[in-house]
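Per-entry structural report
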Amino acid sequence: MSVSVKRWNLRCAFYCCLSLTRALETYDIDCKEYQPEPQKDENSCTFDEFSALKVDDYQNTFHNKYQGTQYESENDFNDWDKRLGKKTFYSYPNETLEHCTCVSTRCDCSRSHLKDVPKDLPHDVTHLNLALNLISSLPGCTFCNYTQLIYLDLSSNKLTRLVTGSFLGLENLTSLNLYNNSLFYLSQTFPIGVFSDLKSLRCLKLNRNIDNEFSSSFRYPDAALSELTNLETLYLDGLVRAFFGRGFKNLVKLRSLVLAGNKEGYCKIIGFSDNSFLNVKQITILNVSNCNLRGDKQTERIFKPLVRLQTLDINFNLDLGVDFLMRALRNMTNNSITSLRMNNIYSNYLPLVTITQSMIQSLPVSLRYLETQGNNFQSVNEGALQFMPPNLSYIDAGGNRFLYGKYIHDLHSLKTLKVLKLNGGNNLHKIPTTEPTSTFSDNCWQGNSKARPKPLIFNLPPNLLCLDLRFSGLAYILSELTIDENNSLDSMILSTNYFPVLQGPIHGLFKLSKLFISGCFVQLINERMFQNLDSLQELRLRNNELDYFFRDASRKPIFRDLKNLKILDLSINALTVFDGDILKDLDALEEINLSQNNMWQFNISISNMSNLHMLNLSHAQLGTLPLQTRQDIDRLAKTQNITVDMSSNPIRCDCNNIDFIQWMVSSRAFDANFEGYMCQYQDSSYKRIQDSYDETLSRLSVQCADHSTIFLVVLSVTLLMVTTVAGAVMYRFRWRLRYLYYVAYLVVKKKTKDKGREENFLYDVFLAYASEDEEFILESLLPALDRRELRVLVHGRDFAVGEFIASNIVTAVKESRKTLVVLTRNLLNSTWCNFELQMANMESVHTGRPVLVFLIKESIPTTELNSDLLYHLNKNTYLVYPQGEVTDVFWNKLARDIMCV
């Protein structure tokens, strides 16, 4: 494949990936730096990395393979062993593991097909991992030799029942994982006294032990659990009849109760009663996400007993409904909830929801953290936002369908709000530039249709620091936008929307320091767009379509007002040219990212950027940098650390660019190893650099050296010697030379006509061959003919582009002295090769000169040759290609036959 075709394919791949990149490249941008401290769940099941692997990882990575017959390779285990930091003895399904792996007091016996608990482990073991085995029972005194155990993982085994004494001797155990077994919630499965020895247990996982289809047949084993008086965290499956018996009252230290479904466990509660939580009043964290809860099956007083509840996670209960949850919260007494996660509790297929004052007033007064994604919200009643909890600092309402409404003017009442997230949705709505004057539905405000339109002024919460509007379906020309100046907004994320034109200006964001408009199909930027954003320090315009804009010579300096800008990202914009004075006013720039563009020249002056420390020009088409840019980089390198990245560019490795390569190698601004750098040679071929350009510079230093003086001296001496010798010889043989002159005159006179006829041929030979034999042609035949100074016509190289193939073939035959047919089986099956053969034969018949020469490359029985080909072989010269070593004798013979008239 030619270099030009490769380059075209790479470019096609680049543009094919462009749209996908737009959707993915902004996921790393978020409001994390402005979020409040994470809600600290009182969860005593946070295991150390040696003993606890994620449940999802267990299931997805190992359990599925364990069900089969053969592991793929040892590499399947290696990644896990690196995380566990230990030496491993591998076991395959048909082998028996003789040893667990122990480091210090920690032992890992997981994935070992054990049917019983090993009895030969160190007696001082404190952490024991027996997950993903075949253990089906725990007889009495199973762990009597391991009394120092603190952590025990028996998840994903075949346990069906426990007996009194199963955990005898484990008085120091704090964490017990029985996840994903077959321990049904029955009295015979959990006999009274089975947990009596676990005096120190703080965390117990009993989830994913019951299938949803049979959950109505079981009851929680509260009598057995009542003996765990130090238990703090409990994981259970959610039963249809979810009632926590009187035994749960004894769990006085219980703080976290997890009944979550999906990956965590099985949960199909459907409905709670008024008394469901009567015996677990002590909990502060309740997780009932993915539990199939339905609003019409619940009582509104289900949470009333939970007087200490601080964190409620009720996500992904689509049939619960927002209205029901608000009523349930309103019925709680002494409500002290600070964190509420209520994502996706209302189906998107139901009518859109307007947030009312009553809903907001139902939220706990103590609330600080609120997630309410994907609940089909479209608006908020006017004046309702002022009743938000007074200490609320975080709201994530992404994935809803908010429309414009007068509630926007109430955002300023959220005095303590630090983060507001509205990202997510795919609904396209155009934001108005003035307040609407027509009447909307009851879900939105009703304006006066006769009133004169007023300019639209957006009011933000006064302490809002980050506004995230990614994937919001916004599609409009970003024209003049006015925001009330009483705001503290520091970061605004508008990425992954549709803003083809940035017109501006934007008023009121005097404290904005970060602006992200990536992946928005931006094609044009007006000079007024950034004129009021004096405080902007970071501007991300990556993954847009700004090539035509920057190529327009009449464009005006769009960045001239950004005096404090430190980071400018224009990567992935398909830029081909980037020059002029576009960056002349950006004296404070510290980082410029122009990577992944198609730039073939860079003529921007960076002399004014005294703080520049990163210039990213990678993955472009730059072969060199101008001398002025190099001098500016050298000047900056003397006073600070500056990095220039030109990796994956076709650096020209020829004599005209040797000074640039030498400068790169000597400059401190480049990676000393030049990882990812390339060379492009004069024949357009490429080579990836692996030796820091050492070999390239050595070759060019010899190739490009100035030998003109030596050449002139040698030439002069040679001419003098030749002239002297020639004069002496001519004088000595003057009479003989005169005789030979007249003889030669007659011979030359005779050949003059032949020479004139020979000069009518542009080529000595035209090669007719099948494309499948091109490797032999290009690597053997063509080089041999070239060395013998034959002018060779090869169709892949010399045919005229745009001309008919048949026309090219006829021209090639007429303009070549001979047509050399490379006979192989591939040629017999080629239509065009047969056409070339016939045209050469017609040329021979028409002109009377011998045209065809055959090179028999393969031994082919005559039975496989058609009659025409046999006729041509018998009539014309042919040579058989040697099967062994091919010598110069053969090639010389072939060349003579071609040149023979």
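The rules behind each value
- Here the residue numbers are simple positions, counted from 1 along each chain's written sequence.
- Only residues with pLDDT of at least 70 get local features here, since the model is predicted, and only at 80 or more are side-chain atom pairs given and counted; chain-wide, interface and lining totals rely on the full set of residues.
- Here the side-chain values reflect all heavy atoms present in the structure, with hydrogen atoms and water set aside.
- UniProt positions are given in the numbering used here, feature names are shortened, and annotations may be inferred rather than shown by experiment.
- What counts as a helix is a DSSP run of H or I of at least four residues, what counts as a strand is a run of E of at least two, and both are numbered from the N terminus.
- Surface patches are drawn from residues lacking salt bridges whose relative accessible area is over 30%; two like charges belong together within 9 Å, two nonpolar side chains (Val, Leu, Ile, Met, Phe, Trp, Tyr) within 5 Å.
- All accessible-area figures derive from a Shrake-Rupley calculation using a 1.4 Å probe, and residue coverage is judged against the displayed protein chains alone.
- By definition, a salt bridge exists where a carboxyl oxygen of Asp or Glu is found within 4 Å of a side-chain nitrogen of Lys or Arg.
- Angles run from 0 to 180 degrees between N-to-C directions of axes, and those axes are lines fitted to C-alpha atoms, restricted for helices to the stretch in contact.
- Two helices crossing with the near one rotated counterclockwise from the far one by less than a right angle form a left-handed crossing, whereas a clockwise rotation gives a right-handed crossing.
- Only heavy atoms matter for contacts: two residues are in contact if any of them lie within 4.5 Å across the pair.
- Residue classes follow a fixed rule: Ala, Val, Leu, Ile, Met, Phe, Trp, Tyr, Cys and Pro count as nonpolar, while Asp, Glu, Lys and Arg count as charged, and any other residue, Gly among them, counts as polar.
- Being paired, for any two strands, means DSSP has found at least two bridges between them.
- When a residue's accessible area, from a 1.4 Å probe over protein chains only, is under 20% of the maximum for its type it is buried; when over 50% it is exposed; and in between it is partly exposed.
- A 3.5 Å cut-off defines polar contacts: any pair of N or O atoms within that distance qualifies, except that in protein one atom must be a possible hydrogen donor and the other a possible acceptor, and neighbouring residues in sequence count only when both atoms are side-chain atoms.
- By definition here, a helix of n residues has an expected span of 1.5 Å times n minus one.
- A crossover gets the label right-handed when its path from the first strand over the helix to the second runs clockwise, viewed with the strands pointing away from the viewer.
- What we call a nonpolar core is a set of buried Ala, Val, Leu, Ile, Met, Phe, Trp, Tyr and Cys residues that are connected through their side-chain atoms within 4.5 Å.
- Throughout, a disulfide means two cysteine sulfur atoms within 2.5 Å of one another.
- We call Phe, Tyr and Trp rings a pair once their centres come within 6.5 Å, taking the six-membered ring for Trp, and we label the pair stacked below 30 degrees between planes, edge-to-face above 60, and tilted otherwise.
- Charge-over-ring contacts are defined here by two conditions on Lys NZ or Arg CZ: a distance within 6 Å of the ring centre and an angle within 35 degrees of the ring normal.

The protein chain is annotated in an unreviewed UniProt entry as Toll-like receptor 4 from Biomphalaria glabrata. Under the heading Subcellular location (unreviewed entry), UniProt records this for the protein chain: "Membrane". Database annotation for the protein chain, UniProt heading Sequence similarities (unreviewed entry): "Belongs to the Toll-like receptor family."

**Remarks on the UniProt feature "transmembrane region" (unreviewed entry) in the protein chain**
As recorded in UniProt, the feature "transmembrane region" (unreviewed entry) lies at residues 710-731. Taken end to end, residues 710-731 has its terminal C-alpha atoms 32 Å apart, with 100% of it in helix and 0% in strand.

**Re a nonpolar patch on the surface**
There is a patch of nonpolar side chains on the surface, built from F711, L712, L715 and L719 and spanning about 410 Å² of accessible area. Mapped onto the elements, L719 comes out in helix α11 (residues 708-732).

**So, the packing of helix α9 (residues 658-666) against helix α10 (residues 694-703)**
Where α9 contacts α10, the two axes come as close as 11 Å, and the packing angle between them is 145 degrees. As for the relative orientation of α9 and α10, their crossing is left-handed in sense. Counting all contacts with α9, which are made through I658, I661, Q662 and V665, the residues of α10 involved are T696, L697, L700 and S701. Split by residue class, the contact of α9 with α10 holds 5 nonpolar, 3 polar and no charged.

**Details of the sheet that holds strand β22 (residues 506-507)**
The strand order across the open sheet built from 3 strands is β17-β19-β22, with neighbouring strands paired in parallel fashion. Strands with a single pairing partner mark the edges of an open sheet, and in this sheet they are β17 (457-458) and β22. Here β17 pairs with strand β19 (residues 481-483) via 2 bridges, running parallel. Opposite I457, over in β19, you have T482 as the bridge partner.

**Section: unusual backbone geometry**
Look at the link from G504 to P505: it is a cis peptide, with omega at -5 degrees. With respect to the element layout, P505 can be found in the loop between β21 (501-502) and β22. Of note in this structure, H619 is not a glycine but carries a positive phi near 55 degrees. Secondary-structure assignment places H619 in the loop between β30 (614-616) and α8 (627-639).

**A look at helix α5 (residues 322-330)**
All of the buried residues in α5 are V322, F324, L325, M326, A328 and L329. Buried-residue contacts for α5 involve β10 (311-313), β11 (339-341), α6 (357-362) and β14 (377-380).

**Focus on the side chain of R470**
With respect to the secondary-structure elements, R470 resides in the loop between β18 (466-468) and β19. A polar side-chain atom of R470 sits 2.8 Å from a polar atom in the side chain of D468.

**Concerning the environment of L873**
Following the sequence through the fold, L873 ends up in helix α18 (residues 867-875). Spatially, the C-alpha atoms of L873 and V853 are 8.7 Å apart, while their sequence positions differ by 20 residues.

**What to know about helix α13 (residues 774-787)**
Taking 1.5 Å of rise per residue, 14 residues should cover 20 Å, and α13 covers 19 Å from first to last C-alpha, within 8% of that figure. Of all the positions in α13, only F776, I777, L781, L782, A784 and L785 are classed as buried. Contacts made by the buried residues of α13 are with β35 (763-768), β36 (792-793), α14 (795-798), β37 (816-823), β38 (852-856) and α19 (888-899). Within two residues after α13, E789 carries a phi angle of roughly 60 degrees, on the positive side.

**Some words on the environment of P118**
Tracing the backbone through its elements, the reader meets P118 in the loop between β2 (106-108) and β3 (127-129). By relative accessible area, P118 is classed as buried at 12%. With 25 residues separating them along the chain, P118 and F143 place their C-alpha atoms 9.4 Å apart. If sequence neighbours within four positions are ignored, P118 has contacts with C100, C109, L130 and Y146.

**A word on the pairing of strand β39 (residues 877-880)**
When β38 meets β39, the two strands line up parallel, connected through 4 bridges. What sits directly across from V853, in β39, is T877. What joins β38 to β39 is α18, and the crossover it makes is right-handed.

**What to know about the nonpolar core**
Among the nonpolar cores identified, the biggest contains 181 residues, and F143 and F195 are the most heavily contacted of them. The element best represented in this core is α5, accounting for 6 residues. L767, F776, L785 and I898 belong to the second largest nonpolar core, which has 23 residues in total.

**Comments concerning the sheet that holds strand β33 (residues 678-680)**
Taken together, 3 strands build an open sheet; the order of strands is β32-β33-β34 and the sheet is mixed. Taken across any chain shown, the strands that pair with only one partner, and hence form the sheet edges, are β32 (650-652) and β34 (686-688). Here the strands of the sheet are splayed against their neighbours by 35 degrees on average, with no regard to which way each runs. In terms of strand pairing, β32 meets β33 through 3 bridges, oriented parallel. Among the inter-strand pairings, I651 is bridged to a residue of β33, identified as C679.

**Quick notes on the pairing of β38**
Where a strand is regular, its side chains alternate between the two sheet faces. In terms of burial, β38 is largely enclosed, as 5 of its 5 residues are buried. Alternating residues of β38 divide into L852, F854 and I856 and V853 and L855, and every residue in both groups is buried. Bridge analysis of β37 against β38 gives 5 bridges, and the strand direction is parallel. Bridge assignment links V822 to a residue of β38, and that residue is L855.

**Focus: the state of the cysteines**
By the definition in use, this model includes 7 disulfides. C653 shares a disulfide with C679; S-S distance 1.7 Å. Across the S-S bond of C653 and C679 the torsion is about -75 degrees, and the bridge reads as left-handed. With a gap of 26 residues between them, C653 in the loop between β32 and α9 and C679 in strand β33 connect regions that are remote in the sequence. Given a relative accessible area of 0%, C679 falls into the buried group. Disulfide partner of C655: C704, at an S-S distance of 1.9 Å. Between C655 and C704 the disulfide shows an S-S torsion of about -85 degrees. By sign, it is left-handed. Pair noted here: C655 is in the loop between β32 and α9 and C704 is in the loop between α10 and α11, with a separation of 49 residues, a long-range link. Looking at C655, the relative accessible area reads 32%, which means it is partly exposed.

**A look at the packing of aromatic side chains**
Scanning the entire structure with this criterion turns up 31 aromatic pairs. Centroid distance F184 to F218: 5.2 Å. Interplanar angle 35 degrees. Geometry classified as tilted. With F184 in the loop between β5 (175-177) and β6 (203-205) and F218 in the loop between β6 and α4 (222-225), this residue pair connects regions lying 34 residues apart in the sequence. Ring geometry for F190 against F195: centres 6.1 Å apart, planes inclined by 35 degrees, an arrangement best described as tilted. A cation over a ring is seen here: K205 above Y235, with NZ or CZ 4.7 Å from the ring centre. A cation over a ring is seen here: R208 above Y266, with NZ or CZ 4.9 Å from the ring centre.

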